[in-house]
Amino acid sequence: MAQRQTDPALRPFCESGYEILDSDLGAGREAVIWSVDPLAPSLGDVFTVESRGVAHEAAVVQLAVFRGGRSEVCQVTDVF
């Protein structure tokens, strides 16, 4: 039986149930958090995101809740 080819951009969801997309954390000062946790934060709630050895405090500025999870856009408010 031939092995099915998949798009390399697609991958299984993290074992932890969430993923932080932080490629724009330095220049754009934004991070996106995806989670399967049904308990969603509120706008203005703050997360600490560590990336490349630097801790960033980031506040939720956009929130989307969908079947099976949620997504937040967070704007950096402080760097430690």
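### What about the overall build of the protein?
Then step 1. If you tally the helices and strands in the protein, you get zero helices and five strands.
Then step 2. In the protein, the order of α-helices and β-strands from amino to carboxyl end is β-β-β-β-β.
Then step 3. A total of 80 residues make up the protein; the buried ones form 28% of that total.
Then step 4. By sequence separation, contacts in the protein at least 24 residues apart represent 38% of the contacts at least 6 residues apart.
Then step 5. If you sum the accessible surface of the protein, you get close to 5,900 Å²; carbon and sulfur atoms cover 55% of it.

### Brief notes about the environment of glutamate 57
Then step 1. Its place among the elements puts glutamate 57 in strand β4 (residues 54-66).
Then step 2. Since its relative accessible area comes to 26%, glutamate 57 is described here as partly exposed.
Then step 3. As for glutamate 57 and valine 76, which are separated by 19 residues in sequence, their C-alpha atoms are 5.7 Å apart.
Then step 4. Among all residues touching glutamate 57, those that are not within four sequence positions of it are Val46, Phe47, Gln75, Val76, Thr77, Asp78 and Phe80.

### Structural notes on the pairing of strand β2 (residues 30-35)
Then step 1. Going residue by residue along β2, you find Ala31, Ile33 and Ser35 tucked away on one face and Glu30, Val32 and Trp34 left uncovered on the opposite face.
Then step 2. Inspection of the sheet shows strand β1 (residues 18-21) paired to β2 by four bridges, in the antiparallel sense. Directly across from tyrosine 18, in β2, lies its bridge partner serine 35.
Then step 3. Summarising the sheet, β2 and strand β5 (residues 69-79) pair through six bridges and their orientation is antiparallel. Bridging from a neighbouring strand, isoleucine 33 pairs with glutamate 72 of β5.

### Structural notes on the confidence of the model for the protein
Detailed conclusions should not be drawn from predicted coordinates in areas where pLDDT is low.
Then step 1. Looking at the protein as a whole, its pLDDT mean stands at 83, while 80% of the residues score no less than 70.
Then step 2. Model confidence for the protein, summarised as mean pLDDT per element, is weakest for β1 at 88 and strongest for β4 at 94.

### Regarding the pairing of β4
Then step 1. Pairing between strand β3 (residues 46-51) and β4: six bridges, direction antiparallel. Each residue of the ladder has a partner; that of threonine 48, found in β4, is glutamate 57.
Then step 2. Across 10 bridges, β4 lies against β5 in antiparallel orientation. From the neighbouring strand, glutamine 62 faces β5, where its bridge partner is valine 73.
Then step 3. Turn length for the β4-β5 hairpin, with the two strands adjacent in sequence and antiparallel, is two residues, and the turn residue glycine 68 shows positive phi of about 95°.

Rules used throughout
- Each chain has its residues counted from 1, following the order in which its sequence is written.
- Per-residue local features of the predicted model are confined to residues with pLDDT of at least 70, and side-chain atom pairs are confined, for both listing and counting, to 80 or more; whole-chain, interface and lining totals are unaffected and use all residues.
- For side-chain calculations, the full set of non-hydrogen atoms in the structure is used, while hydrogens and water are omitted.
- To qualify as a helix, a DSSP run of H or I must reach at least 4 residues; to qualify as a strand, a run of E must reach at least 2; elements of each kind are numbered from the N terminus.
- Each residue gets one of three labels from its accessible area relative to the maximum for its type: buried under 20%, exposed over 50%, partly exposed in between, using a 1.4 Å probe on protein chains only.
- Contact criterion: two residues are considered in contact whenever any of their non-hydrogen atoms come within 4.5 Å of each other.
- To measure how exposed things are, a 1.4 Å probe is used in the Shrake-Rupley method; for residues, cover is taken only from the protein chains shown.
- For two strands to pair, DSSP has to find at least two bridges joining them.
- The predictor attaches a confidence to each residue, called pLDDT, with possible values from 0 through 100.

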